[in-house]
Amino acid sequence: MIDPVALAQDLIRCPSVTPADLGALGVLEAALKPLGFECHRLKFTAPGTPDVDNLYARLGAGGRNFCFAGHTDVVPVGDRQGWTVDPFGAEIIDGQLYGRGATDMKSAIAAFAAASQRFLAERGPGFDGSISFLITGDEEGPAINGTDKVLKWLKDRGEELSACVVGEPTNPLRLGEMMKIGRRGSLTARIAVNGIQGHVGYPHLADNPVPRLLDILQALKTRRLDTGNAHFEPSNLEIVTIDVGNAATNVIPAQARAVLNIRYNTEQNSAGLKAWIETCCGLGGEGRVEIAFEDGARPFLTQPGPFVQAMAEAVAEGTGRQPELSTTGGTSDARFIQAYCPVVEFGLVGQTMHKVDERAGVADIRALTDVYLGMLRRYFA
């Protein structure tokens, strides 16, 4: 039988810092093929972005297709000297599995595989349905050559997903506390206000863009976007940088720039937010302001119903805790999957993800396997 902890160790020992794979997908493929999964290695490319390897594996050719989705790429280790262990050594110390990706999210992928094997041992390979894995190497990077393109590849083949569980770390403190049923949208705006450079002693010969940028930002920050709704907390706008690139104290700068990001719920939409930002930018003077928008994600919600209830019951059975159905946090590849099938997210405790000494409890990894097995049992009941 697949030991999820041992498989997680094998995956962590592949230093797959995004976008490099360095054997991680091969480790998973080697675990799935003996179970009968048909594996497809998919490399996608796009101008200006790194090539990315992905894996789609499926067991079964008919019936409902239950998909486990996740990523084998990890973020850089950061301060190597700050780690108390080898970031890719996958050591177990005091019941904790250490290593980059232990929490986010190689242990969850290992639990996917172990749960699938246990389910097949119970039901046999001829059960009425299919199990698939959609695993990318581009979640921590630009997310251009990963999950989104795999989904389009599946659509072109006429292959559908019926339901999906993403193994992102969703729990704040204890396994079983939280399951994600949606995510907020993300919109970035880059604002540049142009002026005329000059000497601070002769302001009438210059045009200072800084006060006008401040007026714009004040107008943006004073509006309360909404109060949230039953499933989402209020939308929030954060100014993340202000810069004029001016090292001199006696020079009025020629340009002032700011970047802001809005995490928004289903009460808002991208087009409306962009129009509002453009209106506020009119305070900077006609023809004086440049705006560039980046749509990071659109908000989505998997409505509570039989699928969500079944997945939450599996969490409660496997952990002893009834999970909160949440939409908090950042974005994930569920934002792509939601356009194709119902999707929820459930994984480990996220306290150490992306941190020095990232780690996951060995007992939690085994309990997570029980949860995923319960999800399969309930879905194919």
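Heads up: these notes are all about the structure in this document. (Residues numbered from 1 in each chain as written. Predicted model: local features only at pLDDT ≥ 70, side-chain atom pairs only at ≥ 80, totals over all residues. Heavy atoms only, no water.)

1. Some details on the packing of aromatic side chains
1) Next: Inspection of every chain in the model, using the stated rule, returns 15 aromatic pairs.
2) Next: Ring geometry for phenylalanine 112 versus tyrosine 372: centroids 4.8 Å apart, planes at 50 degrees, classification tilted. Here the residue phenylalanine 112 occupies a position in helix H3 (residues 102–123), and tyrosine 372 occupies one in helix H9 (residues 362–379), the gap between them amounting to 260 residues. Here phenylalanine 112 and tyrosine 372 have matching classes, each one buried.
3) Next: Taking the centre distance of 5.2 Å and the plane angle of 85 degrees together, the rings of phenylalanine 119 and phenylalanine 127 count as edge-to-face. The burial state of phenylalanine 119 is the same as that of phenylalanine 127; both residues are buried. (Phe/Tyr/Trp six-rings, centres within 6.5 Å; stacked < 30°, edge-to-face > 60°. Helix = DSSP H or I, 4+ residues; strand = E, 2+ residues; numbered from the N terminus. Buried < 20%, exposed > 50% of the residue type's maximum accessible area, 1.4 Å probe, protein only.)

2. Brief notes about the pairing of strand E6 (residues 130–136)
1) Next: The buried fraction of E6 is high, at 7 of 7 residues.
2) Next: Bridge count for strand E2 (residues 49–59) against E6 is 5 bridges, and the pairing is antiparallel. Among the inter-strand pairings, arginine 58 is bridged to a residue of E6, identified as serine 132.
3) Next: As judged from the 7 bridges shared by strand E3 (residues 65–71) and E6, these two strands associate in the parallel manner. Along E6, the bridge assignment pairs phenylalanine 68 with phenylalanine 133. (Pairing = 2+ DSSP bridges.)

3. Regarding the pairing of strand E10 (residues 185–194)
Looking along a regular strand, one sees side chains alternate from face to face of the sheet.
1) Next: Taken across its 10 residues, E10 has 8 buried, putting it largely inside the fold.
2) Next: Of the strand pairs in this sheet, E10 and strand E14 (residues 255–264) are connected by 10 bridges, and their pairing is antiparallel. Considered in E14, the bridge of serine 186 is made with arginine 263.
3) Next: In this sheet, strand E15 (residues 289–297) lies alongside E10 in antiparallel orientation, the contact comprising 8 bridges. Counterpart to alanine 189 in the pairing with E15 is phenylalanine 293.

4. A short note on the packing of helix H1 (residues 4–12) against H3
1) Next: One can describe the packing of H1 onto H3 by two numbers: an axis separation of 8 Å at closest approach and a directional angle of 135 degrees. For the element pair H1 / H3, the angle class is oblique. In this structure, H1 meets H3 at a crossing whose hand is right-handed. Contact with H1, carried on its side by Pro4, Leu7, Ala8, Leu11 and Ile12, involves Ala102, Lys106, Ser107, Ile109, Ala110, Ala111, Ala113 and Ala114 of H3 and no other residues of that element. (Axes fitted to C-alpha atoms, helices over the stretch in contact; angles between N-to-C directions. Parallel < 35°, antiparallel > 145°, perpendicular 65-115°, else oblique. Left-handed = near helix turned anticlockwise from the far one by under 90°. Contact = heavy atoms within 4.5 Å.)

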